[in-house]
Amino acid sequence: MPFKNLLEVVQSCDKFPYDESVSTSEYHSTIPFRLGPHVVGRLLPSTVPKLKEYNDRFDNAPFEIKDTHITFSSGVDSFEKRTDVVKALFDTWREEKAFVALAGWRNELYPVYGDLSRQDNVAFVMERAATPIFGISTFGCHLNAFTKEEDGTIKMWIARRSKTKQTWPGYLDNCVAGGITYKYSTHQTMVKECDEEASIPEHIAEKSRNCGAITYFTYSENGLQPETQYIFDLQLPSDVTPKPQDGEVECFYLWTLNEINQKILDGEFKLNCALVIVDFLIRHSFITADTEADYLDILYHLHRRLEFPGPRKTL
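These numbers were taken from a predicted model, which means no experiment stands behind them.

With that out of the way, let us pick up the packing of helix α1 (residues 6-13) against helix α8 (residues 295-302). Interhelical geometry of α1 versus α8 gives an angle of 20° and a closest axis separation of 9 Å. Overall, the two elements α1 and α8 adopt an arrangement that is roughly parallel. Where α1 crosses over α8, the handedness of that crossing is left-handed. From α1, L6, L7, V10 and Q11 reach across to α8, where they touch D297, I298, H301 and L302.

Below is the structure:
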């Protein structure tokens with residue numbers, strides 16, 4: 001779907017309501033999933049009856065389900081117990097085909113943050129595909145791989161997603177991107193994905209630099225998706241060409257920023273990847289406050305304040 005302007009692009013990704021009181025849509029009446037003082041997720045009202053039905057199967061129910069919020073039962077009070085409870089729930093729902101999201105099971109564990117008694121703040125871990133059902137905040141890494149010519153002209157390597165991808169098949173994508181699974185750091189994830197997706201050698205990938213993050217809250221048929229994407233930039237030597245390796249990418253293109261900007265407006269990009277590039281265009285002054293009428297509104301949607309706890313690094 002083509003867009004009239006870049007503000008429409010970012011709003012199409014960061015589309016969860018900012019004011020939950022202005023509509024009768026279920027997206028305006030989500031149920032907080034709490035752990036102590038923290039909101040660690042949000043459930044759609046249509047999900048709650050299924051959770052109640054599951055809870056009623058047990059003499060000692062694993063969840064407390066109230067009108068105002070959902071939480072673990074008092075006995076589910078450790079990383080291991082919370083992880084086991086969530087695993088049992090989603091294994092059951094997967095077997096019962098209760099949610100479309102679980103058809104995309106990945107066998108990848110994502111951390112859920114909110115336990116300050118642990119150094120890493122991880123309260124439990126859960127299957128990646130299940131996170132939208134509980135509206136869990138997830139984290140990933142995206143790479144802007146670019147070249148710079150003698151006259152200063154910047155070109156960027158863009159990936160074409162494989163037509164066999166579970167999500168957004170055939171769309172344009174950042175050169176490299178991947179979710180951050182349990183026990184991986186941001187930079188470890190980036191270096192690993194550079195090799196797996198684009199055949200970029202480790203000694204080059206290690207030169208990538210974390211230069212910020214974007215945050216947004218979106219939703220899809222899978223559920224609610226509050227997300228943080230750590231952004232890395234990597235200037236590639238002229239003799240290094242990304243090459244597909246793991247089957248997730250069909251091919252790579254080297255395009256000017258003007259060409260990429262137009263393809264974003266033409267709706268050819270996976271939406272969150274478009275946001276990563278818009279951030280790059282702003283940081284490299286391709287988009288400025290003097291040339292873009294919606295400059296500040298675009299920035300607000302690229303850096304939404306999310307209510308959920310996140311990683312805590314021990315230095």
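Next comes the rest of the write-up.
Moving on, we come to the UniProt feature "domain: Nudix hydrolase" (unreviewed entry) in the chain. As recorded in UniProt, the sites labelled "domain: Nudix hydrolase" (unreviewed entry) are residues 126-279. For residues 126-279, helix accounts for 23% and strand for 40%, while the C-alpha atoms at its two ends are 30 Å apart.

Next up on the list: helix α2 (residues 48-55). All of the buried residues along α2 are V48, L51, Y54 and N55. Down the axis of α2, the sector holding all buried residues measures 120°, keeping them to one side. Buried positions along α2 lie against β1 (31-35), β2 (38-43), β3 (63-65), β4 (70-72) and α3 (79-95).

Next up on the list: the domain arrangement of the chain. As assigned here, the chain comprises domain 1 (6-15 + 138-302) and domain 2 (36-133). With 12 residues of domain 1 at the contact, the number on the domain 2 side is 22 residues. On the domain 1 side of the interface with domain 2, the three residues burying the most area are Y182, N222 and L224, jointly 45% of the side's total. Between domain 1 and domain 2 we count 3 residue pairs in polar contact (both at pLDDT 80 or more) in total. Taken together, the elements giving at least two residues each to the side of domain 1 that touches domain 2 come down to β7 (138-148) and β12 (223-235). The element that contributes the greatest number of residues to the side of domain 1 that touches domain 2 is β12, accounting for 3 residues.

Another point: the packing of α2 against α3. At a minimum axis separation of 12 Å, α2 and α3 run at an interaxial angle of 110°. Here α3 runs roughly perpendicular to α2, going by the angle between their axes. Across the interface between the two elements, K50, L51 and Y54 from α2 touch A88, L89, T92 and W93 from α3. Across the contact of α2 with α3, the residue classes tally to 5 nonpolar, 1 polar and 1 charged.

Looking at soluble globular proteins, one finds that nonpolar side chains tend to be buried together. In this structure, V9, I260 and I264 are the most contacted members of the largest nonpolar core, which totals 33 residues. Among the elements of the structure, α1, β8 (154-161), β11 (209-220), α6 (257-265), α7 (271-283) and α8 are those that each provide at least two residues to this core. Sort the elements by how many residues they give to this core and α7 lands first, with 9 residues. In contact with I260, other than residues within four places in its own chain, are M156, I158, W255, F269 and I277.

Calculation criteria
- Residues numbered from 1 in each chain as written.
- Predicted model: local features only at pLDDT ≥ 70, side-chain atom pairs only at ≥ 80, totals over all residues.
- Heavy atoms only, no water.
- Axes fitted to C-alpha atoms, helices over the stretch in contact; angles between N-to-C directions.
- Helix = DSSP H or I, 4+ residues; strand = E, 2+ residues; numbered from the N terminus.
- Parallel < 35°, antiparallel > 145°, perpendicular 65-115°, else oblique.
- Left-handed = near helix turned anticlockwise from the far one by under 90°.
- Contact = heavy atoms within 4.5 Å.
- UniProt positions renumbered as here; feature names shortened; annotations may be inferred.
- Buried < 20%, exposed > 50% of the residue type's maximum accessible area, 1.4 Å probe, protein only.
- Arc of directions from axis to C-beta.
- Domains from an automatic or database assignment.
- Buried area = accessible area lost by both parts, 1.4 Å probe.
- Polar contact = N/O pair within 3.5 Å; in protein donor to acceptor, adjacent residues only side chain to side chain.
- Nonpolar A, V, L, I, M, F, W, Y, C, P; charged D, E, K, R; others polar.
- Core = buried A, V, L, I, M, F, W, Y, C linked by side-chain atoms within 4.5 Å.

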